[in-house]
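Report on the structure
Chain by chain, the residues:
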Amino acid sequence: MKRIVILFTISFLFLAANGQKFMTKNGYIGFSSHTAIDDIKADNNQVAAVLDISTGDMVFQVLIKSFHFEKALMEEHFNENYMESDKFPKSTFRGKIINLSSVDFNKPGKYDVTVDGDLNMHDVTNKISVKGTIEVVQGGVNASSKFNIVPEDYKINIPGVVRDNIAKTLEVTVTIKYAPVESK
Amino acid sequence: MKRLSILFLFLVFAASLSAQDDLMNMLKDSTKAEINYTTATFKSTRVINGHSVQMMAPGQLDVRISHRFGRVNLGAYEFFGLDQSNMHFSLEYGITKWLMVGIGRGSYEKTFDGFAKYSILSQSSGARNMPVSVSALTSIAATSLKWADPTRTNYFSSRLSYVGQVMIARKFSPSFSLQLTPTIVHRNLVPTELDPNDIYAVGAGGRMKLTRRISLNAEYFYMINSKKYMSETIYDPFSVGFDIETGGHVFTLLFTNSLQMIEKGFVGETTGNWLKGDIHFGFNISRVFTLKQ
C-alpha cells in the first residue's frame, strides 16, 4: 500500500511539474530541393512552437502560406497546386523527446536528442523520428534539426512536366529559439 | 502490483497525451488572427483577351506572345484561318504589389500600346474580410499605319485611343472565379460621324478549374452603345479558352470573334459574328521571368 501511495505521489508530482514550458512564435522552418535543373528554397519565420522540458513534449504549428520563396510564381504554385493551402492551411507536429534524460536543462550546453512524433500536413499524418540538437542557453532553449521528407508520403503529387525540377526528397531545416513561458 | 504499474504507466501516458494537446492549445491561443489574402483569382493577368484583376508580382517580367488566326469559316483553302495570322506581343512588369506596367505592339493597324494597372483592393479573409479584389487599368494605343490621305493636315492625336477599365473579381472557391469589368474606350478619330468616340461596355469573365493545371475561361463584353447605326456592323466580343499552366508558362488556347487583342480593338471594333462562324482560333503564351527577388 505504501508503494502505491508513493507511485501516486510521484505521478502527481509529475503532472504538477508540467509547468516548465518554453515557447516561440517566430521559429524558423525552411526546406530546399536540389536538382540539376533548379534549386528551390522556401523560408518560414512565423513558426509557433512549444517545448515542455519536464516531459519532453514538443509541438509545432506552421501556416503554409507563411512559406516564402524567391520567386512569387513558385510560391503561388506551392500554395495552389501542391499544398492546397486554402483547404489545408496548417501543418502541425506533435512529438516527444525520447531521450529526455540525456538533456540537463540546468546546465548550458548542447545535447543530441531524438524526437518521435506525428507530422501532419496536406491532411496526411505520418509518424516521423528525427535527430536534432537541444542547446540550453542563458534564459532559454534552442532547438535545431535537419531531416528529409518525401512529398509523396503526404499525397503531394508532382506532375511529370516539372518532375525533373523538384527533388524527390526535400531537406527540412528547423531552428527554434524558445523563451520561457511564465506559469499561470 | 502488476496491475498498478500498468495503471501508473497509463496515467503517465494519458498525462503526456493531454500535455501535447495543452501545448497545441497554447499555440492556438497565441496565434493572432492574420489577414489571409486570396491568391490566383486568375492564372494570368488576362481572362482571355481582356485584363484580369491579377497583377504581376514585383520584380517579375511577363513576356506575352499572342496570335489570332483567320476566321475558321474561311474554309479549307485558307486552312480554316490558320494561313492568316495576326499577332501581339508585350513586355509587362510588376513594379510594386499594387502597380504593373506594360508595353506592346500588335500587327493589327501596326498598333503600339502601353498600360498601367493598379490594384485597389485585394480579396481577403481572416483578420480583414474583403469580399472582392478590385484593380483598375488605364491604357493608350497608337496606330502607326501610313495616313490614308497624306495631302491633308494629319494630327498625331488622331492615331490615339484611350481605355479606362475597372476589374471587380471574386474567387468564390478554389476552382471558380468571376469578374465584372466596366469599360470606357475613347477614340480620338473614328471612321465616320455615325461612329461614337466613346464606347461604353461591361465585361464579364470567369474561370473554372478543370484540373489543377487546366482551367476553362470565358469572357464577354456587352456594348452599351447602340450598335445599329454604326458605319460597320459591330458585335460584342465573346471568347472561350483553356488556360494550361506549366511551371513558369501559361498557355491559353482560345476561340474568339475578335481579331484584336487589346481593349481598344476588341471592344467596339469586333466585326465577327459567332453565329455565322466568324470565329478565330488563337493562343496566348505568357512566360514569367524573375528579374528582381
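Being a predicted model, the structure only gives us computed values, none of them experimental.

What counts, and at which threshold
- Residues numbered from 1 in each chain as written.
- Chains lettered and ligands numbered in written order.
- Predicted model: local features only at pLDDT ≥ 70, side-chain atom pairs only at ≥ 80, totals over all residues.
- Heavy atoms only, no water.
- Helix = DSSP H or I, 4+ residues; strand = E, 2+ residues; numbered from the N terminus.
- Buried < 20%, exposed > 50% of the residue type's maximum accessible area, 1.4 Å probe, protein only.
- Contact = heavy atoms within 4.5 Å.
- Areas by Shrake-Rupley, 256 points an atom, 1.4 Å probe, with all protein chains shown as cover.
- Lys, Arg positive; Asp, Glu negative; His and termini not counted.
- Charge placed at Lys NZ, Arg CZ, Asp CG, Glu CD.
- pLDDT = per-residue confidence, 0-100.
- Pairing = 2+ DSSP bridges.
- Axes fitted to C-alpha atoms, helices over the stretch in contact; angles between N-to-C directions.

A few words on the overall build of chain A. Within chain A, the regular secondary structure consists of two helices and nine strands. Along chain A, helices and strands appear, N-terminal first, in the series α-β-β-β-β-α-β-β-β-β-β. Relative to its full complement of 184 residues, chain A shows a buried share of 50%. For chain A, long-range pairs separated by at least 24 residues make up 59% of all intrachain contacts whose partners lie at least 6 apart in sequence.

Each helix and strand in chain B was counted, giving two helices and 14 strands. Its C-alpha atoms put chain B at 110 × 40 × 40 Å along the principal axes. The buried share of chain B, reckoned over its 293 residues, is 45%. In chain B, the share of contacts with a sequence separation of at least 24, taken over all contacts with a separation of at least 6, comes to 57%. When the accessible area of chain B is evaluated, it comes to approximately 14,700 Å², of which 65% is carbon and sulfur surface. With 30 positive and 22 negative side-chain charges, chain B shows a separation of 8 Å between the mean positions of the two kinds.

Here chain B averages 91 in pLDDT, while 92% of its residues score no lower than 70. Note on the complex model: pTM 0.81, ipTM 0.71.

Here we come to the sheet that holds strand E12 (residues 238–246) of chain B. All names here are of chain B. Spatial strand order, E2-E3-E4-E5-E7-E8-E9-E10-E11-E12-E13-E14: 12 strands in a closed barrel with antiparallel pairing. Neighbour to neighbour, the strand axes of the sheet diverge by 20° on average, direction disregarded. Here strand E13 (residues 249–256) runs beside strand E14 (residues 280–290); their pairing, made up of eight bridges, is antiparallel. What sits directly across from Phe 255, in E14, is Phe 281.

A separate point is the environment of Thr 175 of chain A. Residues and elements named next belong to chain A. For Thr 175, the location among the structural elements is in strand E9 (residues 170–180). The class for Thr 175 is partly exposed, based on a relative accessible area of 35%. With 30 residues separating them in the primary sequence, Thr 175 and Ser 145 have C-alpha atoms 6.8 Å apart. Beyond its immediate stretch of four places on either side in the chain, Thr 175 contacts Gly 27, Tyr 28, Ala 143 and Ser 144.

This part covers the pairing of strand E3 (residues 85–96) of chain B. Residues and elements named next belong to chain B. Direction of pairing for strand E2 (residues 60–71) relative to E3: antiparallel, over a ladder of nine bridges. Within E3, the position partnered with Val 63 by the bridge is Leu 91. Relative to strand E4 (residues 99–106), E3 runs antiparallel, the two sharing eight bridges. Looking at the pairing, His 88 lines up with Gly 106 of E4.

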